[in-house]
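# Analysis of the macromolecular model
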Amino acid sequence: MADGNAGTWCRQSIRGRYRMSHRLIQLGLALFMLVSMAVLPGWLASADDEVRWLLEYLPWVLLGAAGLVSFVYGLNKLGFMVLVCLGAYALIRTQLQVPLTQGNVELIFWALCLVAPLLILLYDKLPERWLFGGYHLSALMVALIPCALVYGLLGRDPQGSHAALAGWFELLGGYPAPWLTLLPMAGYFCACALGQSRRQDRGDSASLLCLMALALTCFNFDVAAISSLMFTCLGLALLLLLVLHSYRLAFYDLLTGVRNRRSLDARLKGIRGRYQVAMVDVDHFKSFNDAFGHDVGDDVLRLVAQRLSRVGAGGRVYRYGGEEFAILFPSRDRRRCLAALEAIRQVIADYPFQVRDRQPGGSSRRRHRTSAPKIPPQTITVSMGLAQARFDETGAEAVIRRADELLYQAKQAGRNCIRADVAVSRRPTRRRAVA
Ligand SMILES: Nc1nc2c(ncn2[C@@H]2O[C@H](COP(=O)(O)OP(=O)(O)OP(=O)(O)O)[C@@H](O)[C@H]2O)c(=O)[nH]1
């Protein structure tokens, strides 16, 4: 691990994990849409009228729900993208259900192919502050202005515009293979993918899925009910992303990236057997916060969480609260758990933590690299208490309480050490603390 900046490294590592899992999910959903595109039209051709009718209305329900949940969760980027998709679907259902050669229908189709993906890209790229607070109106204008321009262009002289552009359409591929749109679409995909790889995923990076649904619809516009199919798939995919996002919010600690206390409580509810729980606390964390600021304190927590998650013996780490972590070992092998804890305690203590450029008190003003005295690497240590579930105990609360008491003993003993209760025999025994 590079010693240059532990905080940055840790954040990158946690972000990397999030991004990885989110990308895999997106890839899975993209595959789902491709497979649906290949399989469902054939199935729909022989389906009942009721099924077709249902499919026609499903995008409204699914995308409507996805949009609503996005705005409620404050995922405004995603919310606006869903609005664009709903607008595109409305346009298809109300204006494009006749042969494209009629009137200005073909022009509307081309406008859809070119403008809707562009809007998705714009919402993906817009700064967050535009989409939050009092900027909603500005964000809406982003969508309304190009739509009004297209509407004005088409409304002025539809026949004339169509006649003028018809030759171009033929030249450029024409309906139903508007390869002219292939280039911008590929550009939008690249721009969105690039943006996603740079920024931290917060569950709002669904632009590629929206683009994909639009692209598959536009390029297969002659396939029956293609828009209903693709927008239904998109609605399902977005709802699934939102469910996963809620899961992460509910069961993961956003600062450190490890599971949170709710997740531990849920895990402990059904647990049986001789599992073990270790409580871990960062030593003198308050003085660290006071000396270098809260942001550096956060970096310490990330570093500790990241190191603890590498614990052996099948241990799983949870942030219990503040600077305290819990590790749950499903194993009954006391010696193995102790060895794993000891190894991780040593790793943390040996790591030279380089403080970021921060002023005491949390100010983020940059130091002048040449004049400011360099802060020497800091040593972070943790104390631990390990308790094993007993046969005479019914709930996990007692095990956690005992692990906490042992942690307190470790603090009393000078910190940077582990205290564990004695290995449990079948008969209830009196607890003794050992080093
Ligand atoms: N930076 C940061 N600080 C936190 C967070 N949660 C709790 N804290 C701080 O953690 C500190 C906990 O300090 P104490 O409980 O006094 O313990 P300590 O200083 O670690 O001392 P010992 O446990 O006795 O070694 C408090 O100052 C809290 O403000 C957090 O998420 N980020």
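Residues numbered from 1 in each chain as written. Predicted model: local features only at pLDDT ≥ 70, side-chain atom pairs only at ≥ 80, totals over all residues. Heavy atoms only, no water.

### A short note on the overall build of the chain
What the chain contains, in helices and strands, is 15 helices and nine strands. Expressed as a percentage of its 435 residues, the buried residues of the chain come to 48%. Partitioning the intrachain contacts of the chain with sequence separation of at least 6 by distance along the chain shows that 73% fall at a separation of at least 24. Only carbon and sulfur atoms are counted for the fraction: they give 61% of the accessible area of the chain, which is about 21,500 Å². (Helix = DSSP H or I, 4+ residues; strand = E, 2+ residues; numbered from the N terminus. Buried < 20%, exposed > 50% of the residue type's maximum accessible area, 1.4 Å probe, protein only. Contact = heavy atoms within 4.5 Å. Areas by Shrake-Rupley, 256 points an atom, 1.4 Å probe, with all protein chains shown as cover.)

### Side note on the pattern of salt bridges
In total, this model carries nine salt bridges according to the counting rule given. Its salt-bridge partner being Lys-411, residue Asp-283 comes within 2.8 Å of it at the nearest N-O pair. With Asp-283 in the loop between strand S2 (276-282) and helix H12 (285-292) and Lys-411 in helix H15 (residues 396-412), this pair connects stretches of sequence that are 128 residues apart. Neither Asp-283 nor Lys-411 differs from the other in exposure class; each is buried. A salt bridge links Lys-286 to Asp-290; the nearest nitrogen and oxygen atoms lie 3.2 Å apart. (Salt bridge = Lys/Arg side-chain N within 4 Å of Asp/Glu carboxyl O.)

### So, the packing of helix H4 (residues 105-125) against helix H9 (residues 207-219)
One can describe the packing of H4 onto H9 by two numbers: an axis separation of 10 Å at closest approach and a directional angle of 175°. Considered as vectors, H4 and H9 are oriented roughly antiparallel to each other. Taken together, the residues of H9 that come into contact with H4 (itself represented by Phe-109, Cys-113, Ala-116, Pro-117, Ile-120 and Asp-124) are Ser-207, Cys-210, Leu-211, Leu-214 and Cys-218. Looking at the contact of H4 with H9 residue by residue, the class counts come to nine nonpolar, one polar and one charged. (Axes fitted to C-alpha atoms, helices over the stretch in contact; angles between N-to-C directions. Parallel < 35°, antiparallel > 145°, perpendicular 65-115°, else oblique. Nonpolar A, V, L, I, M, F, W, Y, C, P; charged D, E, K, R; others polar.)

### What to know about the side chain of Asn-289
Along the chain, Asn-289 falls in helix H12. Excluding anything up to four places from it in sequence, Asn-289 contacts His-294 and Gly-297.

### Examining the packing of helix H3 (residues 76-95) against H9
Where H3 contacts H9, the two axes come as close as 10 Å, and the packing angle between them is 10°. It follows from the interaxial angle that H3 and H9 lie roughly parallel. Handedness of the H3/H9 crossing: left-handed. Between H3 and H9, the residues in contact are Met-81, Cys-85, Ala-88 and Ile-92 and Ser-207, Cys-210, Leu-214 and Thr-217, respectively. Of the residues that constitute the contact of H3 with H9, the class distribution is six nonpolar, two polar and no charged. (Left-handed = near helix turned anticlockwise from the far one by under 90°.)

### Regarding the site of the ligand
Close to the ligand lie 17 residues, the nearest being Phe-285, Lys-286, Asn-289, Asp-298 and Arg-319. The contact in question runs from a nitrogen atom of the ligand to an N or O atom on the side chain of Asn-289, over 2.8 Å. Here His-294 contributes a backbone N or O atom positioned 3.1 Å from a nitrogen atom of the ligand. Look at the ligand: alone it shows 670 Å² of surface, and the protein chains cover 66% of it. Secondary structure elements with two or more residues in the shell around the ligand: S2, H12 and helix H13 (294-308). For the shell around the ligand, the element with the most residues is H13, which contributes four residues. Grouping the amino acids of the shell around the ligand by side-chain chemistry returns four nonpolar, five polar and eight charged. (Near = heavy atom within 4 Å. Polar contact = N/O pair within 3.5 Å; in protein donor to acceptor, adjacent residues only side chain to side chain.)

### Looking at the environment of Arg-316
For Arg-316, the location among the structural elements is in strand S3 (residues 316-321). A relative accessible area of 38% places Arg-316 in the partly exposed class. C-alpha separation for the pair Arg-316 and Phe-329, spaced 13 residues apart in sequence, amounts to 6.6 Å. When residues no more than four places from it in sequence are discounted, the contact partners of Arg-316 are Arg-259, Ala-326, Ile-327 and Leu-328.

### Concerning the environment of Ser-227
Residue position: Ser-227 is located in helix H10 (residues 226-251). Residue class for Ser-227 comes out buried when judged on its relative accessible area of 4%. When the C-alpha positions of Ser-227 and Arg-93 are compared, they lie 8.5 Å apart, and in sequence the two are 134 residues distant. Each residue touching Ser-227, except ones within four places of it in the same chain, is listed here: Tyr-89, Ile-92, Arg-93 and Thr-217.

### Concerning the UniProt feature "transmembrane region" (unreviewed entry) in the chain
Within this numbering scheme, the UniProt entry marks residues 24-45, 57-73, 78-95, 107-123, 135-154, 174-194, 206-223 and 229-251 as carrying the feature "transmembrane region" (unreviewed entry). Strand forms 0% of residues 78-95 and helix 100%; the C-alpha atoms that close the span are 25 Å apart. Between the C-alpha atoms that bound residues 229-251 there is a distance of 33 Å. The span itself is 100% helix and 0% strand. (UniProt positions renumbered as here; feature names shortened; annotations may be inferred.)

### Points about the pairing of S2
Of all the seven residues making up S2, seven are buried; the element is thus mostly covered by neighbouring parts of the structure. Burial of S2 is two-sided: the residues Gln-276, Ala-278, Val-280 and Val-282 facing one way and the residues Val-277, Met-279 and Asp-281 facing the other way are all buried. Relative to strand S4 (residues 324-329), S2 runs antiparallel, the two being bridged by six bridges. Following the sheet pairing, Val-277 is matched in S4 by Leu-328. (Pairing = 2+ DSSP bridges.)

### Structural notes on unusual backbone geometry
Of note, His-284 is a non-glycine position whose phi angle comes to about 50°, a positive value. Relative to the helices and strands, His-284 resides in the loop between S2 and H12. Notably, Ala-313 is not glycine yet its phi reads approximately 60°, a positive angle. For Ala-313, the position within the fold is in the loop between H13 and S3.

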